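# Remarks on the overall topology
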Amino acid sequence: MKPAPFAYHDPSTVDELMGLLAERENARLLAGGQSLMPMLNMRYAMPDHLIDLNGIGDLAGVAETGEAVEIGAMTRQRDLPGSRPAAGRFPILAEALAHVGHFQTRNRGTVGGSLCHLDPSAELPCVAAATDAVLVVRGQDGEREVAMADWPTAYMTPNLAADEALVRIRLPRSAALDGQAFAEFARRHGDFAIVGVAAMLSLDGDTIRRASLAVAGVGPQPVRLAEIEAALAGEQANEATFKAASGEARGIEAMSDAYVSGKYRRRLTGVLVERALAKAAERAREAA
C-alpha cells in the first residue's frame, strides 16, 4: 500500500513549526520516520499534513548544563553513544541503544521520535523512566515541562496537544547513579524487547545507597519499580539481595498478547532484574 494523500511542509525554524501546527489540522510530525513511514504506508496513520522536522537544526544536539544533560528531540540515536555529555554521564543510554533495531534504523531514528511513538517495548522510554527524564514541550503559549512519569497518557499516546511538539529531553545529573545496566530479551536481535530492564545503583562500600529500576514490555508504558527500589536501599549488594528483588519483580502485573503470556513476562522480568542489578553493582564497584 501507499500513503493517503497529504500536504508536505518543511519548516526550518521552531517558530515556523509552531505556526504550521497552529494553522493545520490533522498534522503529523516526521522525525526519523522509522515508525511513521510504515504507518503511513499501511494507512494506520492518515494525516492531512506531514510536517518534516529534519530541517530544524535547533532541535538536534546534546549539551550538559549545571544540573542536567539536555538532548534535542531530533538528535539521532546513533549520536548518543559517542556523546561525552550523554554517554559519559549516562552510559546506560549506549547500552540500551545497542538493542534498538539495527545501525541503519539508528542512523535515522531520533531520541524524540522514540519517546513520542511510545512503543511499550521500546528501550529509550524505559531508560527515560529510570533516569527521571523531563520532557520539554513547545506550544503556542511557550514551553512546559512534563515528567516522564506523566508523559504516557494512554497506549502509545504521549502528553502532547495537537499544536505542541517535543523539543528536548532533560536528564537530571542527580539521576546518574554510579552503576548502570540495561538488559533485555527479544526473539531476535533488533526486535522490540519482550521485556527490558534498566537498572542503576549507587553504593556505600557494599551497601546500596540508591537504586533505580524500570521495566519495558510488561504494560502499555514503562513501569518504575519504586517499591523494589525502596526495599533495596540499605541492603547489601549481593546475590541474595538481587534474588529477593527478582522474586518481588515476578509479582508485577504483566500483559499477555498473541505471542507471549503475562506469566512468561513476569518470569522474564525477574530474571532480567537480577541480571541487570548484578551488572549495575559490578560497575558501581568499578567506579568507586
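Definitions and limits used
Position numbers for residues start from 1 in each chain and track the written sequence from start to end. Per-residue local features are limited, in this predicted model, to residues with pLDDT of at least 70; the limit for side-chain atom pairs, both in listing and counting, is 80 or more; totals at the level of whole chains, interfaces and linings are taken over all residues. Hydrogens and water molecules were not included; the side-chain quantities draw on all heavy atoms of the structure. When a carboxyl oxygen of Asp or Glu is within 4 Å of a side-chain nitrogen of Lys or Arg, the pair counts as a salt bridge. Here a helix means four or more residues in a row that DSSP labels H or I, a strand means two or more in a row labelled E, and each is numbered from the N terminus. Relative accessibility thresholds used throughout: buried, under 20% of the residue-type maximum; exposed, over 50%; partly exposed, between the two (1.4 Å probe, protein chains only). In this entry, domain limits derive from an automatic or database-based domain assignment. Residue contacts are defined here by distance: any two heavy atoms, one from each residue, within 4.5 Å place the two residues in contact. As a working definition, buried area equals the accessible area (1.4 Å probe) given up by two parts on being put together, with both sides summed. Joining through side-chain atoms within 4.5 Å is the link that ties buried Ala, Val, Leu, Ile, Met, Phe, Trp, Tyr and Cys residues into a set, and such a set is a nonpolar core. Two strands qualify as a pair provided DSSP detects at least 2 bridges between them. All axes here are fitted lines through C-alpha atoms, helices being fitted over the stretch that makes contact, and every angle between N-to-C directions spans 0 to 180 degrees.

### Considerations on the pattern of salt bridges
- This structure, assessed with the given rule, holds 20 salt bridges.
- Across the pair E95 and R283 runs a salt bridge whose closest N-O atoms are separated by 2.6 Å. Separated by 188 residues along the polypeptide, E95 in helix α4 (residues 91–97) and R283 in helix α10 (residues 262–287) bring together distant segments of the chain.
- Residue classification places E95 among the buried positions, given a relative accessible area of 18%.
- As a salt-bridge pair, D204 and R209 come within 3.3 Å of each other at their nearest N and O atoms.

### Things to note about the domain arrangement of the chain
- We note that the domain assignment places domain 1 (7–52), domain 2 (62–174) and domain 3 (177–287) within the chain.
- The C-alpha centroid of domain 2 is placed 19 Å from the C-alpha centroid of domain 1.
- Counting from both sides, the interface comprises 12 residues of domain 1 and, opposite them, 15 residues of domain 2.
- In total, about 1,000 Å² of surface goes out of reach between domain 1 and domain 2, with carbon and sulfur atoms giving 65% of it.
- Among the residues domain 1 hides against domain 2, the three largest losses belong to M18, A31 and Q34. Together they make up 44% of the total.
- Taken together, the links from domain 1 to domain 2 amount to one salt bridge.

### Quick look at the nonpolar core
- Residues L93, L115, M148 and W151 are the most contacted members of the largest nonpolar core, which totals 37 residues.
- Of all the secondary-structure elements, those providing two or more residues to this core are β5 (68–72), α4, α6 (111–117), α7 (123–130), β6 (134–139), β10 (165–172), β12 (195–204) and β13 (207–216).
- Ranked by the residues each element gives to this core, the list is headed by α7, at six residues.
- Apart from residues lying up to four places away in sequence, L115 is in contact with L124, P125, A128, L135, M148, W151, L166 and I169.
- Residues V197, V215, L225 and A249 belong to the second largest nonpolar core, which totals 31 residues.

### Section: the sheet that holds β5
- Pairing is antiparallel across the open sheet formed by five strands, whose spatial order is β4-β5-β10-β6-β7. Only two strands of the sheet have a single partner each, and these edge strands are β4 (62–64) and β7 (142–147). Each strand axis lies, on average, 25° off the axis of its neighbour in the sheet, ignoring direction.
- Bridge count for β6 against β10 is five bridges, and the pairing is antiparallel. Note that in β10 the partner of V137 across the bridge is L166.

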